[in-house]
Amino acid sequence: MNFTNKTILITGASSGIGKEFATQLASKGANLIITARSEHELNALSQQLTTRHNNIWVKVIPLDLLLPDSPKTLFAAIQDMGLSVDYLINNAGFGKFCHFEEASFNTYQNMLTLNIHALTELCYLFLPTMKQTNSGGIINVASIGSFQPLPYQAVYGASKAFVLNFSEALTGELLGSQVKVM
Ligand SMILES: NC(=O)c1ccc[n+]([C@@H]2O[C@H](COP(=O)([O-])OP(=O)(O)OC[C@H]3O[C@@H](n4cnc5c(N)ncnc54)[C@H](OP(=O)(O)O)[C@@H]3O)[C@@H](O)[C@H]2O)c1
């Protein structure tokens, strides 16, 4: 795939897998919109990548995806910048390893909001333009835990099963289209 001059939105880009997506895609000539809560880490990454690659730009949008309006806020902020997203990488997510009843229920509410709700709403917001232009796509970061129940990560595993199932269903709806969901 050719990512030169493509605009790629990455959630959870301040660390881990999201940061690695940003680093590798920048080296392939992609322009990036990076988001997470940690503004300092995002700005440092933006600085690092634009210094290393003078042919790209990186926009930073600090945001807490647990806030109910955040997916819409992110979408509107990108529109206000006059940008259009070619690829969306829904990477922000988290889990917890313990007996089911040992974590607070609030932890599970947040896990479901981030891993499922925000991811689904971002697909809902960004997919229509991709379908109109018949190009681009979405990567939803699931987990090996998507494939079987996960004792001690029961809610996390179930949330990632949603991500896999939902993404494969969209892939089915897009058969015959140039828009790809994985
Ligand atoms: N690491 C693994 O072994 C593994 C395996 C399978 C799947 N995964 C999946 O891969 C994805 C990335 O995981 P990782 O291991 O790279 O974890 P990580 O290093 O903890 O990164 C998670 C990212 O999500 C962001 N994030 C967390 N809560 C957020 C919120 N409320 N609003 C906006 N952004 C938020 C974090 O940034 P801030 O804290 O700055 O907001 C961070 O950038 C997750 O979906 C995870 O489930 C990971």
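Above this text you will find the structure in question.
All values reported here derive from a predicted model rather than from experimental measurement. (Residues numbered from 1 in each chain as written. Predicted model: local features only at pLDDT ≥ 70, side-chain atom pairs only at ≥ 80, totals over all residues. Heavy atoms only, no water.)

Caption draft 1: Seen up close, the nonpolar core. Counting 27 residues, the largest nonpolar core has Leu 9, Ile 78, Val 85, Leu 88, Phe 126 and Met 130 as its most contacted members. Taken together, the elements giving at least two residues each to this core come down to helix H3 (70-80), helix H4 (105-133) and helix H5 (154-173). Top contributing element to this core by residue count: H4, with nine residues. Ignoring sequence-local partners within four residues, the contact set of Val 85 consists of Thr 7, Leu 9, Ile 33, Ile 78, Phe 126 and Met 130. Ile 10, Leu 25, Ala 36 and Leu 49 belong to the second largest nonpolar core, which has 19 residues in total. (Core = buried A, V, L, I, M, F, W, Y, C linked by side-chain atoms within 4.5 Å. Buried < 20%, exposed > 50% of the residue type's maximum accessible area, 1.4 Å probe, protein only. Helix = DSSP H or I, 4+ residues; strand = E, 2+ residues; numbered from the N terminus. Contact = heavy atoms within 4.5 Å.)

Caption draft 2: Fine view of the layout of surface pockets. Approximately 470 Å³ is the volume found for the largest pocket. In this structure, the largest pocket is lined by 23 residues; those nearest its centre are Gly 12, Asn 91, Ala 92, Gly 93 and Leu 114. Only helix H1 (16-27), strand S2 (31-36) and H5 provide two or more residues apiece to the lining of the largest pocket. Looking at the lining of the largest pocket, the element that brings in the most residues is H1, giving three residues. Looking at the lining of the largest pocket residue by residue, the class counts come to 11 nonpolar, nine polar and three charged. Considered as a void within the structure, the second largest pocket measures approximately 210 Å³ in volume. Forming the boundary of the second largest pocket are 14 residues, of which Met 1, Phe 3, Tyr 87, Ile 139 and Met 182 lie nearest the centre. (1 Å grid on protein atoms, 1.4 Å probe; cavity = no way out; pocket = protein on both sides within 12 Å on 5 of 7 lines; lining within 4 Å. Points joined across faces, edges and corners; volume = space filled by probe spheres on them. Nonpolar A, V, L, I, M, F, W, Y, C, P; charged D, E, K, R; others polar.)

Caption draft 3: Structural detail: unusual backbone geometry. The phi angle at Asn 5 is positive, at roughly 65°, despite the residue not being glycine. Along the polypeptide, Asn 5 turns up in the segment before strand S1 (7-11). Of note in the backbone geometry, Asn 134 takes a positive phi value of approximately 50° without being a glycine. Structurally, Asn 134 is set in the loop between H4 and strand S5 (137-140).

Caption draft 4: Just the environment of Gly 29, in detail. Among the secondary structure elements, Gly 29 is positioned in the loop between H1 and S2. Taking the relative accessible area as the measure of exposure, Gly 29 reaches 5% and is therefore buried. Spatially, the C-alpha atoms of Gly 29 and Val 163 are 28 Å apart, while their sequence positions differ by 134 residues. Look past the residues within four positions of Gly 29 in its chain and what remains in contact with it is Phe 3, Thr 4, Asn 5, Asn 55 and Ile 56.

This is a description of form; function is not addressed.
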